[in-house]
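Descriptive structure summary
These are the residues of each chain, in order.
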Amino acid sequence: MSYRAAIVPALCALLVLTPAKHAFSQLEDVSNTLLLETQHTGGYLGAGVSFVDFNGDYIDDLTFADHQGELKFFAGAEDGTGFTPVQFDLPAYPQEAKMVLWADIDNDGDQDLFVTYRLASNKMFLRGADGGLTDVSLSCGISQASRKSYGACFGDYNSDGFLDLFVCNYTSSFEEYPFNELYQNDGDGTFTETTTEQGMDETGIQSFQGQWVDFNDDGLLDLHVVRDRTIYENYYFQQQPSGSVLPFIENAGETGLDIAINCMSTSVADYDGDLDTDVYLTAFPEDMNWLMINDGSGNFGIDDEEGDVPMNQVQVDAICWAGNWLDVDNNGWEDLHVANGYSVFTDYPQVLDIYNNEPDALFYNTEGEFTEADEAQFQTESTLSFATAVGDYNRDGFPDLVSHAVGEYAQVLRGTPNTNHWVKILLEGTTSNRDGIGAKIIVNSDSGQSQLRMTYAGENYLGQNSRWEAFGLGDATGISSVEVQWPSGTTTTHLEIVSDQHWLLTEDGSSTQLWQIDPCLSGGLCLGCTYSGACNYNANANIDDGSCSFNCFDVPTSCGSGTVWDDTMGWCVSSTECPYDFDGSGYVTVADLLIFLVAFSQPCPN
């Protein structure tokens, strides 16, 4: 199916963007406070970033790829204030790393690391009992040929409980191996390549990123692959029912996903709240960015149910890379961040002067309608971003975004709390893969709204978001139920989930509330009485909720020195018979008034 000839001219004519008006920036740039040194000062087309917890404390950590192979690791602080650098003592490998991807490939409860490289062989590291990483690349079954690998993603496509691996190679037709790579997990920490066996031996020319999805909601993982250049259509490998001749069939043309643009990012979310997943594709300005709408059965178009074209609302006049969905204001609708950069080698710092007007973009989503953020950081401040990742390092329930921006330090945008509610869900498989990758989570709030998330390991462009799935609830204070559809086919339903907390849900049906976060103690949004003279003054409150009370002054114990309680009047009165005879003359005269006026407004001694 081709949209370009008939539709794109009309879209260009219709394109009108109206900036949104926000009272404050929902994302605050705290890069200069955290100072995460990444040295992104070279390389070609960016380097990847992961926001996944790698040390098992449930707190989001950060990992950055590097053009010289010097991977950077930062552990999230327990107090939520920032990050601490971590050294894994990996062997020197001075090659251009593209993607860093954490997953528990052997289901032993810790995170293993896969790294792709451009013009070098890829690497797999297993996590040991001592917390260290051991290079098993030569023995685990992945190819050690020198290729141009970019994005990768884990997903259990055969539902055996172990995560399989797909690798994108940015190849050309002149290369000896112009294909992408699919590996089946053998269950013992090793892999077997199954690219041809599974029907994915289409040439992988100019492939950037793959993402395991289930667009048609049949419970079988499919694979969406985006490719660069307008002469190469994107791929959609649709898994077939058991017993079919080929396990996967390339089906992009039949489903409307055969878009041929300079495509950089596959970014999946249920942006319109109809409980199926849609996909946003980034590209060059002349290609436009494409918001593809799922009709509920896995077929895609650009028109919504009213006949409008929502992709008109999310256009960016720049070379766009990672698109990332996050509900920055927790209103229950995922917003869209778009990273903007360039398409040449990074010659730092000269590149900062050449591309000095390339701000990232943010589009606020309200019930499926987008408005462009008008904050300066999304209008005039050039970031030069490629890969981004979403997490919540301070655990306040409002998502943060990290960009592996060009320069010496990463960009960190911290979410700003408001009065909206939220809930965060982390999964742990028992029969399914330990990370719960490929599961679907449906949160039903007491307002009647239902939201869908699917868990991924490898997405957008060279990115890996936190394994915590965050749901904004708006003004809904309660959750009626949470349903988890696990990769094994098991479904668990939870009725005990309360809002504004973090929940670990296990495939056996159990749930654990983590941390018991009190926003008044963690520096988050704290409602209470902010008037220091009130009886119920809360020194930690930063938003007054109108609850200030003065009833502590209506009881006998409130009477101070020189006063007594009067039962008839119901308040404290003077303990002397003539309290206004200041000069002791036995009369209240003008002289007493003058004494009062002289003393008026003077500070009293302690």
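Treat the numbers as computed from the prediction; the structure is a model and nothing was measured.

Many structure descriptions define interface size as the accessible area lost when the parts assemble. Domain assignment breaks the chain into domain 1 (27-422), domain 2 (423-514), domain 3 (517-552) and domain 4 (561-605). For domain 2 versus domain 3, the distance between C-alpha centres works out to 32 Å.

Here we have 4 strands laid out as an open sheet, ordered E19-E20-E21-E22, and antiparallel in their pairing. With one partner strand each, in any of the chains shown, strand E19 (265-269) and strand E22 (300-301) form the two edges of the open sheet. Pairing analysis gives 5 bridges linking E19 to strand E20 (residues 278-282), with the strands arranged antiparallel. Within E20, the position partnered with Ala269 by the bridge is Asp278.

Counting across every chain of the model gives 33 aromatic pairs. With centroids separated by 6.5 Å and ring planes inclined at 75°, the aromatic side chains of Phe114 and Phe154 adopt a geometry described as edge-to-face. You can see Phe114 sitting in strand E8 (residues 112-120) and its partner Phe154 sitting in strand E11 (residues 147-155), a full 40 residues away along the chain. Owing to a relative accessible area of 2%, Phe114 belongs among the buried residues under this scheme. Taken together, the aromatic side chains of Tyr150, Tyr170, Phe208, Trp321, Tyr342, Tyr355, Phe386 and Tyr461 make up a single cluster linked through ring pairs. Cation over ring: Arg395 sits above Trp515, and NZ or CZ is 4.5 Å from the ring centre.

Quick look at the pairing of strand E15 (residues 207-213) now. Most of E15 is tucked away, with 7 of its 7 residues classed as buried. Where E15 meets strand E16 (residues 222-227), 6 bridges bridge the pair, whose relative direction is antiparallel. If you follow Gln209 over to E16, its bridge partner there is Val226.

Quick notes on the rules
Residues numbered from 1 in each chain as written. Predicted model: local features only at pLDDT ≥ 70, side-chain atom pairs only at ≥ 80, totals over all residues. Heavy atoms only, no water. Domains from an automatic or database assignment. Pairing = 2+ DSSP bridges. Helix = DSSP H or I, 4+ residues; strand = E, 2+ residues; numbered from the N terminus. Phe/Tyr/Trp six-rings, centres within 6.5 Å; stacked < 30°, edge-to-face > 60°. Buried < 20%, exposed > 50% of the residue type's maximum accessible area, 1.4 Å probe, protein only. Lys NZ or Arg CZ within 6 Å of the ring centre and 35° of its normal.

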